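What follows is the residue order along each chain.
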Amino acid sequence: MFDIIRHIARILGSRARVRCYRACYRLSRWRRGWRYAAGRLSADEAQRIMLDCRYPAGWHPLLVLTVEDALEQAREEIADHPDLARLVADGCARVGDKWEPYYGELLEARCWAINLAKNYAVDEGITFVLLNDELDSNK
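This report concerns the structure included in the present document. Just so we're clear, the structure is a prediction, and the values are computed from it rather than from any experiment.

## Let's talk about the pattern of salt bridges
- This model, assessed by the stated rule, comprises nine salt bridges.
- Of the charged contacts, one joins R86 and D83 as a salt bridge, the two residues approaching to 3.7 Å between their closest N and O atoms.
- Salt-bridge contacts for R86 lead to D90; the nearest nitrogen and oxygen are separated by 4.0 Å. Linking R86 with D90, this pair stays in helix α4 (residues 84–98), spanning four residues, or about one helical turn.
- In this structure R86 comes out as partly exposed when scored by relative accessible area, which is 36%.
- The network of salt bridges with common partners includes D83, R86, D90 and E124.

## Brief notes about the state of the cysteines
- Applying the stated criterion across every chain, the model contains zero disulfides.
- C24 provides the cysteine sulfur closest to C20, a residue in no disulfide bond, and the two sulfurs are 4.2 Å apart.

## Observations regarding the packing of helix α3 (residues 67–74) against α4
- α4 packs onto α3 with a crossing angle of 125 degrees between their chain directions and a minimal axis gap of 9 Å. Classified by the angle their axes make, α3 and α4 are oblique. The handedness of the crossing between α3 and α4 comes out as right-handed. Here α3 contributes V67, A70, L71 and A74 to the contact with α4, which in turn contributes L84, A85, V88, A89 and C92.
- The class makeup of the residues in the contact of α3 with α4 is nine nonpolar, no polar and no charged.

Criteria and thresholds
Residues numbered from 1 in each chain as written. Predicted model: local features only at pLDDT ≥ 70, side-chain atom pairs only at ≥ 80, totals over all residues. Heavy atoms only, no water. Salt bridge = Lys/Arg side-chain N within 4 Å of Asp/Glu carboxyl O. Helix = DSSP H or I, 4+ residues; strand = E, 2+ residues; numbered from the N terminus. Buried < 20%, exposed > 50% of the residue type's maximum accessible area, 1.4 Å probe, protein only. Disulfide = S-S within 2.5 Å. Axes fitted to C-alpha atoms, helices over the stretch in contact; angles between N-to-C directions. Parallel < 35°, antiparallel > 145°, perpendicular 65-115°, else oblique. Left-handed = near helix turned anticlockwise from the far one by under 90°. Contact = heavy atoms within 4.5 Å. Nonpolar A, V, L, I, M, F, W, Y, C, P; charged D, E, K, R; others polar.

Written out as structure tokens, the structure is:
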């Protein structure tokens, strides 16, 4: 008799957990939607919305250009500067709108974004210290 009661309790508990999970998931989606409508999305929430919308939109990218990855690569070439992150983000935005892949190349997209960041810096009168220049001067 107690086994039957325990079994029923497990089934009801399992259903309650599933409903609680679904309610929390829906609530988080509503919260992200509200923050999107209010223009107060964080970067993580914006990325989550993009991921949520990929399947319904039929968008399944094989390559993803991210500011973080391009910035990491830029820091291998350019000494850190307060405006570097902003300019690389601007470069990534431009590349993302204009890029047409030709068998390759997320690396090429990042390089293009970094070169645009360098050009933007020149236009704004910002001087970046290239790490290769320091290495070449020692030769």
